Protein chains: 2
Amino acid sequence: MAEKAKIRSLPKFAHLPQGDFDQVYAAAAGRSFAAGATVSEQGDVATYFFVLLDGRLRVTQVTAESQQVIVRIVNPGDLFGIAKALQRTDYPGTATAVSDSVVLSWPMARWSDFMGNYPSMAMSAMQTMGTRLQEAQARMRELATEEVERRVAHAVLRLGEQSGREEAGGIRIDFPVSKQDIAEMTGTTLHTVSRILTAWEHAGLVVGGQQKLLLKDRRRLALIGDGEVPGLLGG
Amino acid sequence: MAEKAKIRSLPKFAHLPQGDFDQVYAAAAGRSFAAGATVSEQGDVATYFFVLLDGRLRVTQVTAESQQVIVRIVNPGDLFGIAKALQRTDYPGTATAVSDSVVLSWPMARWSDFMGNYPSMAMSAMQTMGTRLQEAQARMRELATEEVERRVAHAVLRLGEQSGREEAGGIRIDFPVSKQDIAEMTGTTLHTVSRILTAWEHAGLVVGGQQKLLLKDRRRLALIGDGEVPGLLGG
DNA sequence: CGGATTGTTGAGGATACTCAAGTTAGGTGG
DNA sequence: CCACCTAACTTGAGTATCCTCAACAATCCG
């Protein structure tokens, strides 16, 4: 089975002894989701945890006033839905496939087993949480201190790093992203995002399109993000 | 030694077998810091990790433009400075004592030992990170979607829960908090915080003072925080 | 080709920031 | 114990950023 070899090669599992890996793999169930389908829903009892094998997911949370926030994008190889690690019994967010996706799932009941019996998995889970914590804090800092245009610059650069694909002319965001999505990542409105991207497009920093984004000039985007250059709105 | 018993009783160590605890404790060094002193500094090589025994710390990060953000408040019993868990070799923030404080420290080199050899410590560290991750995401959501007055309401309520002491008339924040501090927790300015707290004081929700704060009406503060009531500014 | 989703653009206005000038509280030293 | 000095806080006025509301245009998909 090609799938097994593919999983074996993920950094997440690369350090497991072969016997352990076989046992962990035996407990897993694979499942496919078409773009637009929901993998797990905010508030539901967390019966499974997952690894994304292929595709792309968007994790959102809805506030009490039903405003949506995009918590993160899940890329292939990422662990998600680990409610147990957050001391929760329900999923804190909704994971939706934005491209056709394949996930591997384990019953949440096995979480403690895995963490206790396979130290290298525990380590790996901790690393995942560490990375996420740092990213959450970085976004917190941005939201607290930066103006919208800088936040949008950081958001698209992050998308480029985590979900980008090199392409003639720049870095293509490798899944459909709407202005609304970018707005929900940066705490602004789609209107403001539209104005910003239009200005950037005129300046040759990006090329947009419906749910498409190509980063043409990472350096200047980084300058805007770091506030070392005025920003192109308000002219 | 009374200190040892006290540490033993922390939730963090309560589940360790006695032998393990003795070994962990033997590796620790205690140290005291006067209010205002720096325990660990952003950017420094992370040579130790810590548990706070007594007092209160404020963890800040400084942005490239030297704006400060308060990442969190460390309360007695909390683990902090765990750079290794975040895959870092330096401290991501500065920890400053806001009250006279006592910390226990371990060489960072022992981190992997501890995590590998004492599964209950690894579990506990993971729980810590889980809690922090959730709190960071909650603050992200607030910063992205809520207006300033609501964010300030949430911030003071959090302070009350995590660092409050029951007192005749309400909940006293148990360490010196300035308006500037609250501003740095909520991504606003001390001016706006001052205006908000003044309005709240007139309405009988809180009692302020220089670096003092007493929460008198948690219920109404929660209503403001949840946006179920208009907010008292702008009248 | 038609309907729906996504995006554009303008005008007006609110929230919260900046700038500025004071006031109060608290600690220190005479 | 009082005077002083500094840090913390208050309050006002003006304004920038960004949101809301609104109408329309473009693109996608069956």
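I will try to describe carefully the structure that is included in this document. (Residues numbered from 1 in each chain as written. Chains lettered and ligands numbered in written order. Predicted model: local features only at pLDDT ≥ 70, side-chain atom pairs only at ≥ 80, totals over all residues. Heavy atoms only, no water.)

## Quick word on the protein's contact with DNA strand D
Within the structure, DNA strand D sits among 18 residues, and Val148, Thr188 and Thr192 of chain A together with Ser194 and Gln211 of chain B are positioned closest to it. The sugar and phosphate moieties of DNA strand D supply 68% of its atoms located within 4 Å of the protein. Within the side chain of His191 of chain A, a nitrogen or oxygen atom sits 3.5 Å from a base nitrogen of DNA strand D. Within the contact set of DNA strand D, a phosphate oxygen lies 2.8 Å away from a backbone nitrogen or oxygen of Gln211 of chain B. Those elements that place two or more of their residues in the surface near DNA strand D are helix H8 (190–202) of chain A together with helix H8 (190–202) of chain B. The leading source of residues in the surface near DNA strand D is H8 of chain B, at 4 residues. (Near = heavy atom within 4 Å. Polar contact = N/O pair within 3.5 Å; in protein donor to acceptor, adjacent residues only side chain to side chain. Helix = DSSP H or I, 4+ residues; strand = E, 2+ residues; numbered from the N terminus.)

## Observations concerning the relation of the copies chain B and chain A
Superposing chain B onto chain A takes a rotation of 180° combined with a translation of 0.1 Å along the rotation axis, leaving an RMSD of 0.0 Å. Given the turn and translation reported, the copies of this chain are related as if by a two-fold rotation axis. By residue overlap, the copies meet face to face through one surface: 100% of the interface positions of chain B are interface positions in chain A. (Least-squares fit on C-alpha atoms with pLDDT ≥ 70 in both. Contact = heavy atoms within 4.5 Å.)

## Points about the sheet that holds strand S12 (residues 214–215) of chain B
All names here are of chain B. Taken in spatial order, the 4 strands line up as S9-S10-S12-S11 in an open sheet, and their pairing is antiparallel. Looking along the sheet, the strands with just one partner apiece sit at the ends: strand S9 (164–167) and strand S11 (206–207). Bridge count between strand S10 (residues 170–173) and S12: 2 bridges; the pairing is antiparallel. Within the sheet, the bridge partner assigned to Arg172 lies in S12 and is Leu214. (Pairing = 2+ DSSP bridges.)

## Focus on the protein's contact with DNA strand C
By nearness alone, 18 residues border DNA strand C, and Ser194 and Arg195 of chain A together with Val148, Thr188 and Thr192 of chain B come closest of all. Considering the 4 Å shell around the protein, atoms of DNA strand C inside it are sugar or phosphate in 70% of instances. The contact in question runs from a phosphate oxygen of DNA strand C to an N or O atom on the side chain of Ser194 of chain A, over 2.5 Å. With respect to DNA strand C, the side chain of Thr188 of chain B contributes an N or O atom lying 2.7 Å from a phosphate oxygen. When contributions to the surface near DNA strand C are tallied by element, the ones reaching two or more residues are H8 of chain A together with H8 of chain B. Per-element tally for the surface near DNA strand C: the top contributor is H8 of chain A, with 4 residues.

## Quick notes on the pairing of strand S3 (residues 48–54) of chain A
Residues and elements named next belong to chain A. Burial analysis of S3 places 5 of its 7 residues in the buried class, the great majority of the element. Here S3 pairs with strand S8 (residues 101–107) via 6 bridges, running antiparallel. Directly across from Tyr48, in S8, lies its bridge partner Pro107. Bridge analysis of S3 against strand S6 (residues 79–80) gives 2 bridges, and the strand direction is antiparallel. Paired with Phe50 across the bridge in S6 is Phe80. (Buried < 20%, exposed > 50% of the residue type's maximum accessible area, 1.4 Å probe, protein only.)

## Thoughts on the environment of Val59 of chain B
Mapped onto the fold, Val59 of chain B is located in strand S4 (residues 57–62). The residues contacting Val59 of chain B, other than those within four sequence positions of it, are Val69, Ile70, Val71, Arg72, Val74, Gly93, Thr94 and Ala95 of chain B.

## Some words on the pairing of strand S10 (residues 170–173) of chain A
All names here are of chain A. Where strand S9 (residues 164–167) and S10 come together, 4 bridges link them in antiparallel fashion. Bridged to Gly164 within S10 is Ile173. Between S9 and the antiparallel strand that follows it, S10, lie 2 residues; Gly169 among them carries a positive phi value of about 95°.

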